[in-house]
Amino acid sequence: MIADNTYSVPELVALLRAGDPNAFQQLYEKFSSKILSTCKKMYLPQEDAEEVVQEVFLKVWEKREGLDSSLSFNAYLFTIMRCSIFKRSRKNAMDIAYKTYQLNNGTNASCCTEEALDFEELKVFSERIIDALPKGQQKIFRLKFTENLTADEIASRLHLSKRTVENQLYKANKKLKQEFISNDLIPYDLVVLFLIF
C-alpha cells in the first residue's frame, strides 16, 4: 500500500498491476480531469463525459493485471477513451439515422411506438443472424463491432494472422448483407444501420 504522491506513473502502474487500490486512486487523480476535458472538447455533454471517465477507469481496474509499466499509460487511457467515445458516437449516429429514415418516410419521430417496435424486431433479427455465423466469424465480428478492435488487435488477441481476421470479417459481412437484403421485411436503407450497431 502507498500513502504518498512521490511515485512516478510507471511505478504507480506497476503497483496497480499488483492490485494496489491507492495506486489506482492516484492514477485516477492524475488523469481523470484530462480525460474529462478531452471528452468535453469532443462535444460530449458533461454527464456523458463523466460516464466515459468512469468507463475508462473501470476498464483499467478490470485489466490491471495485464498492464505494462514500460508502455505509455497516458496512451493506453486515451485508446480506451477513444473506443468509448466511438461507441457512443456510433449509437448516436444510428439513432439519428433511424430518425432521419422515419422523417424521410413520412413518420413522426415523436409518435413512433409501432416503428420503434419494428426497429427493435430488426435488431433482434440481426442478432439472430450474427448468432448463426460460424463461431470463429461470430467472435471476430463481435470483437470488431462491439469492442471496436482493429484487425491487428483481433489477430493478436485470438493468435491468428491479420489476413485470416480480414477474410473472416469479409465473409461475415457478406453473409449478413445477403441475409438482410434477402429478407423482404427490411428496407435496404436500414441495412447499414445493423451492420454497424
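Before any of the text, the structure's been laid out above.
The model shown is predicted, which means the values in this text are computed figures rather than measured ones. (Residues numbered from 1 in each chain as written. Predicted model: local features only at pLDDT ≥ 70, side-chain atom pairs only at ≥ 80, totals over all residues. Heavy atoms only, no water.)

Draft legend 1. Representation of the overall build of the protein chain in the model. Each helix and strand in the protein chain was counted, giving nine helices and zero strands. Listing the helices and strands of the protein chain from first to last along the sequence gives α-α-α-α-α-α-α-α-α. For the protein chain, buried positions account for 34% of its 197 residues. Nonlocal contacts in the protein chain, meaning residues at least 24 apart in sequence, comprise 55% of its contacts between residues at least 6 apart. A total accessible area of about 12,100 Å² is found for the protein chain, and carbon and sulfur atoms account for 54% of it. (Helix = DSSP H or I, 4+ residues; strand = E, 2+ residues; numbered from the N terminus. Buried < 20%, exposed > 50% of the residue type's maximum accessible area, 1.4 Å probe, protein only. Contact = heavy atoms within 4.5 Å. Areas by Shrake-Rupley, 256 points an atom, 1.4 Å probe, with all protein chains shown as cover.)

Draft legend 2. Summary view of the nonpolar core. The biggest cluster of nonpolar side chains holds 23 residues, and the ones touching the most others in it are Ile35, Cys39, Val56, Phe57, Val60, Leu77 and Met81. Of all the secondary-structure elements, those providing two or more residues to this core are α1 (9-17), α2 (21-41), α3 (46-62) and α4 (73-104). Contacts of isoleucine 35, omitting those with residues within four sequence positions, involve Val53, Val56, Phe57, Leu77, Phe78 and Met81. (Core = buried A, V, L, I, M, F, W, Y, C linked by side-chain atoms within 4.5 Å.)

Draft legend 3. Quick look at the side chain of serine 32. Inspection of the secondary structure puts serine 32 in helix α2. The class of serine 32 is buried, set by a relative accessible area of 13%. A polar contact is formed between the side chain of serine 32 and the backbone oxygen of tyrosine 28, at a distance of 2.8 Å. Apart from the residues lying within four places of it in its own chain, the contact partners of serine 32 are Leu27, Val53 and Phe57. (Polar contact = N/O pair within 3.5 Å; in protein donor to acceptor, adjacent residues only side chain to side chain.)

Draft legend 4. Up close: the packing of helix α6 (residues 135-145) against helix α7 (residues 151-158). For the pair α6 and α7, the least separation of the axes is 10 Å and the interaxial angle reads 130 degrees. The angle between α6 and α7 places the two elements in the oblique class. The two elements α6 and α7 meet at a crossing, and its hand is right-handed. Residues Lys139, Ile140, Leu143 and Lys144 of α6 touch α7, and the partners they reach there are Ile154, Arg157 and Leu158. Classifying every residue of the contact of α6 with α7 gives four nonpolar, no polar and three charged. (Axes fitted to C-alpha atoms, helices over the stretch in contact; angles between N-to-C directions. Parallel < 35°, antiparallel > 145°, perpendicular 65-115°, else oblique. Left-handed = near helix turned anticlockwise from the far one by under 90°. Nonpolar A, V, L, I, M, F, W, Y, C, P; charged D, E, K, R; others polar.)

Draft legend 5. The arrangement of the packing of aromatic side chains in detail. This model, assessed by the stated rule, comprises five aromatic pairs. The interplanar angle of 80 degrees and the centroid separation of 6.0 Å between the aromatic rings of phenylalanine 24 and phenylalanine 57 together place this pair among those described as edge-to-face. Of this pair, phenylalanine 24 sits in helix α2 while phenylalanine 57 sits in helix α3; the two residues are 33 residues apart in sequence, bridging distant segments of the chain. A relative accessible area of 3% means that phenylalanine 57 is categorised as buried. (Phe/Tyr/Trp six-rings, centres within 6.5 Å; stacked < 30°, edge-to-face > 60°.)

Note that every value here comes from positions in space, so none of it alone points to a role or purpose.
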